[in-house]
Amino acid sequence: MKKGVIGIAVIDIFVLCTVMLSYYLKKHIGYVFYNWLMILFMIAFVLFSFALILTRKKASIYIGQILCCVFLFFMMKLDLPDRFALLAEVPKFEAKIEGIKGQMLSDGALAIYDDYIISDWEPGFLDYQWVLVYDENDSLQYITDSKKIISEGKLYILYRAKKCFYLCILRR
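Residues numbered from 1 in each chain as written. Predicted model: local features only at pLDDT ≥ 70, side-chain atom pairs only at ≥ 80, totals over all residues. Heavy atoms only, no water.

Q: Let's hear about the environment of Trp130: which residues, and what values?
A: Considering the arrangement of structural elements, one finds Trp130 in strand 3 (residues 128-135). Under the relative-accessibility criterion, Trp130 is labelled buried at 17%. In contact with Trp130, not counting residues within four places along its chain, are Asp79, Asp82, Asp120, Trp121, Glu122, Leu158, Leu167, Cys168 and Ile169. (Helix = DSSP H or I, 4+ residues; strand = E, 2+ residues; numbered from the N terminus. Buried < 20%, exposed > 50% of the residue type's maximum accessible area, 1.4 Å probe, protein only. Contact = heavy atoms within 4.5 Å.)

What follows is the structure, encoded as structure tokens:
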């Protein structure tokens, strides 16, 4: 019986780590395929949790599965995978910016609009896209309605990743 509880705990930890690293999975397997895969994955996990709760009569399994489902909900609600990915990606973006300062923009992944250096974060659909924005003057922190109009469209600020770095939605 103890092996079963340990196996279930390993599956729960795997699920939580998979969700936490989902930004990198999206980047490698494609955004659309990832979304379909994650929907199927979550449905299977919830069904697995209900099946365990119905077939096992141990309180630790109930508590473990319920806590894992609650953690999954809050991870998605608070957008922790993107916040976690920002910790690793902002220094890379910062190194790219330091490499191009004073030169012409040669990297195809970076663009300059109205004194903001913008890099793709997630692919967009039709008229919007998630972007990582570098604001050298850090003027985006003073915006009260989380919306800034630039020449390419409107920037909707989601999170401040680090001083001068913001995760935004660019709506064209």
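Q: Mind laying out the side chain of Asp135, listing which residues take part and the relevant values?
A: Locating Asp135 in the fold gives a position in strand 3. Within the buried core, Asp135 has no salt-bridge partner, and the shortest N-O distance to an opposite charge, that of Lys148, equals 7.9 Å. At 2.8 Å, the side chain of Asp135 and the backbone nitrogen of Leu140 are in polar contact. Look past the residues within four positions of Asp135 in its chain and what remains in contact with it is Tyr116, Leu140, Cys164 and Tyr166. (Lys, Arg positive; Asp, Glu negative; His and termini not counted. Salt bridge = Lys/Arg side-chain N within 4 Å of Asp/Glu carboxyl O. Polar contact = N/O pair within 3.5 Å; in protein donor to acceptor, adjacent residues only side chain to side chain.)

Q: Would you mind going over the pattern of salt bridges in detail, with residue names and values included?
A: Tallied over the full model, the rule gives four salt bridges. Across the salt bridge formed by Glu89 and Lys92, the nearest N and O atoms sit 3.3 Å from each other. A residue pair is termed a helical-turn pair when its members lie 3 or 4 positions apart in one helix, as Glu89 and Lys92 do in helix 5 (residues 80-100) at three residues. By relative accessible area, which is 49% here, Lys92 ends up partly exposed. With its nearest N and O atoms 2.7 Å apart, the salt bridge here joins Glu152 to Arg172. In this pair, Glu152 is assigned in the loop between strand 4 (147-150) and strand 5 (153-162) and Arg172 in the segment after strand 6 (165-171), connecting sequence segments 20 residues apart. Overall, the relative accessible area of 26% leaves Glu152 in the partly exposed class. With relative accessibility at 49%, the residue Arg172 sits in the partly exposed group.

That is the geometry; function is a separate question.
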